[in-house]
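Next come the chains, spelled out residue by residue.
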Amino acid sequence: MRPVADGTTPAITVRTLAPAETVRLGERLGHALRAGDVVLLRGDLGAGKTHFARGIAAGLGIAGPVPSPTFTLANEYHGTNAAGEAVPLAHLDLYRLMDGGGGESGGDLDSVGLPDYFGGEWAAVVEWPEGAMLAGFVPPSYLDVALADAGETERQLTFTAHGVAVRLLDALTGEVGEV
Ligand code: ADP
Ligand code: MG
């Protein structure tokens, strides 16, 4: 899949039928991730953001638990992608820093270190990125993943590539049929 000439942002939509399928889809993305990639996970509570992030971590060969960073804000891992490249992974959950997020009155986005995580040395996977985007923490390119409840065990994931993140869309499209 390639960006089209009129500038329309390329996107694909995938439906998963079970939590394990969402994890496997994340795993395929994880295989292709590199330092400098940013993946934004948007969706309501229970939409599957953390499951997808766990898949990404698994795809980077990260063994062991990948707990939700709801309280820590950011968890850091040492991953390796399918090409054998080292990929420092940051898994963030900014829910507590959103207005109305039950956090410390909007919280302190400046102290999270987003410019570092978005600066090229990390692969960053961010749950609840909306507040950060509104506050101007916009990565130069990123893969936007919108997750939605589509039934008791079904979820719909829409991937939209911004900038060079289109490469990641390519990684997903080749294998979607196998999910
Ligand atoms: P979030 O991080 O978006 O709040 P989680 O990944 O923590 O979401 O939780 C998703 C919930 O939805 C889990 O309870 C999971 O079992 C359930 N679920 C049901 N179907 C799916 C699916 N197809 N993909 C992912 N999660 C699913
Ligand atoms: Mg979560």
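We now turn to the structure provided with this report. (Residues numbered from 1 in each chain as written. Chains lettered and ligands numbered in written order. Predicted model: local features only at pLDDT ≥ 70, side-chain atom pairs only at ≥ 80, totals over all residues. Heavy atoms only, no water.)

1. Some details on the overall build of the protein chain
- For the protein chain, the count of helices and strands is five helices and seven strands.
- Each helix (α) and strand (β) of the protein chain, taken in turn from the N terminus, gives the series β-α-β-α-β-β-α-β-α-β-β-α.
- Expressed as a percentage of its 179 residues, the buried residues of the protein chain come to 46%.
- Of all intrachain contacts in the protein chain linking residues separated by at least 6 positions in sequence, the fraction that spans at least 24 positions is 64%. (Helix = DSSP H or I, 4+ residues; strand = E, 2+ residues; numbered from the N terminus. Buried < 20%, exposed > 50% of the residue type's maximum accessible area, 1.4 Å probe, protein only. Contact = heavy atoms within 4.5 Å.)

2. Notes on the side chain of Asn81
- One can find Asn81 in the loop between strand E3 (74–80) and strand E4 (86–93).
- Of the polar contacts made by the side chain of Asn81, one reaches the backbone nitrogen of Ala83; its length is 3.0 Å.
- The contact partners of Asn81, leaving out residues within four places of it in the chain, are Gly30, His31, Leu33, Arg34, Leu60 and Val87. (Polar contact = N/O pair within 3.5 Å; in protein donor to acceptor, adjacent residues only side chain to side chain.)

3. Some remarks on the pairing of strand E7 (residues 155–162)
- Here strand E1 (residues 11–16) runs beside E7; their pairing, made up of six bridges, is antiparallel. Bridged to Arg15 within E7 is Gln156.
- For strand E6 (residues 142–149) and E7, the ladder comprises eight bridges, and the chain directions are antiparallel. When the bridges of E7 are listed, Leu147 appears paired with Leu157.
- Adjacent in sequence and paired antiparallel, E6 and E7 are bridged by five residues, among which Gly151 carries a positive phi angle near 135°. (Pairing = 2+ DSSP bridges.)

4. Notes on the coordination of the magnesium ion (ligand 2)
- The magnesium ion (ligand 2) binds to the protein through Thr50 (OG1) and Glu127 (OE); the donor distances cover 2.1 to 2.2 Å. With Thr50 in helix H2 (residues 49–59) and Glu127 in strand E5 (residues 123–127), this residue pair connects regions lying 77 residues apart in the sequence. Neither residue differs from the other here; Thr50 and Glu127 are each classed as buried. (Donors = N, O, S within 2.8 Å, 3.2 Å for Na, K, Ca; no water.)

5. Focus: the sheet that holds strand E2 (residues 38–42)
- The mixed open sheet is built from seven strands, whose spatial order is E1-E7-E6-E2-E5-E4-E3. Two strands lie at the open edges of the sheet, namely E1 and E3, each paired on one side alone. Across this sheet, the average inter-strand angle for adjacent strands is 20°, counted without regard to direction.
- Pairing geometry for E2 and E6, over four bridges, is parallel. Among the inter-strand pairings, Arg42 is bridged to a residue of E6, identified as Ala146. (Axes fitted to C-alpha atoms, helices over the stretch in contact; angles between N-to-C directions.)

6. Describing the pattern of salt bridges
- Inspection of the entire model under this criterion finds four salt bridges.
- For Asp144, the salt bridge identified is with Arg42, shortest N-O distance 2.6 Å. Residue Asp144 is found in strand E6, and its partner Arg42 is found in strand E2; the two are separated by 102 residues along the sequence.
- Residue Asp149 is joined to Arg155 by a salt bridge in which the shortest nitrogen-to-oxygen separation is 3.6 Å.
- A relative accessible area of 16% places Arg155 in the buried class. (Salt bridge = Lys/Arg side-chain N within 4 Å of Asp/Glu carboxyl O.)

Purely geometric numbers; function is a separate question.
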